[in-house]
Amino acid sequence: MSETVLVTGGTGSIGRRLTQLLQQAGYQVALLSRSPKSIPDVRVYQWDIQKGHIDPQAIATADHIIHLAGEGIADERWTDQRKEAILNSRTQSTDLLMQALKTNRHRVKSFVGASAIGYYGGNTDDRPLTETSQGGSDFLAQVVRAWERSEEQVASLGIRTVKFRIGVVLMAEGGALPKLVQPIRLGAGAPIGSGQQYISWIHLDDMCRLFIEGLSNTTWQGVYNAVAPTPVTNETLTRAIAQVLHRPILLPNIPAFAIKLLYGEMAIVVTGGNYVLNKRIADETDFQYQYSDLTRALENLLG
């Protein structure tokens, strides 16, 4: 009988593709959702993070857990209320899973949790960052630190725990890429700010394959930077998209102050940058990326 993977946040862009790839790899997939849904070949269980409720059957039938749930970082301006929702959606959901694992009989062998390269801070210029680099101090870094602490509680139960600090996930629907593509298609694309800030990216399929490797390979444990081998600058990414779409870049760079006026504190998501390296994946594993080349990744997603 095939093993069951319980996925939180499974109805989002990453979760939907992850479900497909898990099923292709021979796993049964179950989802935790706030509302009952009917999804072919997927069992959907209910949970309510605010009320602290989770269907105990979800835990009892799982062999592995992949935890993706969390409010979108760049969906809205960062009001105090929005910041609280971003933090709580990550820590409270993990706490609920931990309590369910602690109090219910289960057979869970691995817990694979999402984290983010925001751990290192919103703007670290071109300084190479690995899994052992010091964390930042801004809002996103504080969120990720609290997020990872909550995931470490699961490890304290004796469950093998893997945490992926995810970079900018390139995907056709959702995330940053469609927002970059739209103005370029209209002939209004341009690098942001200096254009020299680094973007540590990863193709959606490689991100999902890392999650599957993390749950299936018992040698994986702890924190890994989930990024492609070669970060690129904002200008390089912008021009690569334009080349794949056969569109010119005619406008001057968009000033960083204009982005800050538009988005407030959240502007750091696009004006900042990190040069993050996948050191542990490269040095300690035999994982092979399908899309280590940016142009090939973009051709796959935009072709």
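Everything here concerns the structure above.
Nothing here was measured: the structure is a model prediction, and the numbers come from that model.

A. Examining the pairing of strand 3 (residues 42-48) more closely. Sheet topology note: the strand 2 (residues 28-33)/strand 3 ladder contains 5 bridges and is parallel. Following the sheet pairing, Val29 is matched in strand 3 by Val42. Relative to strand 4 (residues 53-54), strand 3 is paired through 2 bridges, and the arrangement is antiparallel. Bridge pairing in strand 4 links Trp47 to Ile54. In this structure, the hairpin formed by strand 3 and strand 4 is closed by a connection of 4 residues, where Gly52 is found at a positive phi of approximately 70°.

B. Local environment of the side chain of Thr285. Looking at where Thr285 falls in the secondary structure, it is placed in the loop between helix 10 (279-284) and helix 11 (294-302). The exposure class assigned to Thr285 is buried, which follows from its relative accessible area of 18%. Among the polar contacts made by the side chain of Thr285, one reaches the main-chain carbonyl oxygen of Ile281 at a distance of 2.6 Å. A polar contact of 3.2 Å, which involves the side chain of Thr285, links it to the backbone nitrogen of Phe287. Among all residues touching Thr285, those that are not within four sequence positions of it are Trp220, Tyr224 and Arg280.

C. View of the packing of aromatic side chains. On inspection of all chains with the given rule, the structure shows 8 aromatic pairs. Note on Phe164 and Tyr224: the rings are 5.9 Å apart at their centroids and 45° apart in plane angle, and the pair reads as tilted. One end of the pair, Phe164, is in strand 8 (residues 160-166); the other, Tyr224, is in strand 12 (residues 222-226), with 60 residues separating them in the sequence. Relative accessible area serves as the criterion here: at 0%, Phe164 is assigned to the buried category. On the basis of relative accessible area, Tyr224 is assigned to the buried category, the value being 1%. Counting every residue linked through ring pairs, the aromatic cluster contains Phe164, Phe211, Trp220 and Tyr224. Positioned above the aromatic ring of Tyr119, the side-chain terminus of Arg165 is 3.6 Å from the ring centre. Positioned above the aromatic ring of Tyr224 is the side chain of Arg280, whose terminal nitrogen or guanidinium carbon lies 4.0 Å from the ring centre.

Cut-offs and rules
- Residues numbered from 1 in each chain as written.
- Predicted model: local features only at pLDDT ≥ 70, side-chain atom pairs only at ≥ 80, totals over all residues.
- Heavy atoms only, no water.
- Pairing = 2+ DSSP bridges.
- Helix = DSSP H or I, 4+ residues; strand = E, 2+ residues; numbered from the N terminus.
- Buried < 20%, exposed > 50% of the residue type's maximum accessible area, 1.4 Å probe, protein only.
- Polar contact = N/O pair within 3.5 Å; in protein donor to acceptor, adjacent residues only side chain to side chain.
- Contact = heavy atoms within 4.5 Å.
- Phe/Tyr/Trp six-rings, centres within 6.5 Å; stacked < 30°, edge-to-face > 60°.
- Lys NZ or Arg CZ within 6 Å of the ring centre and 35° of its normal.

All we've got here are geometric facts, nothing functional implied.
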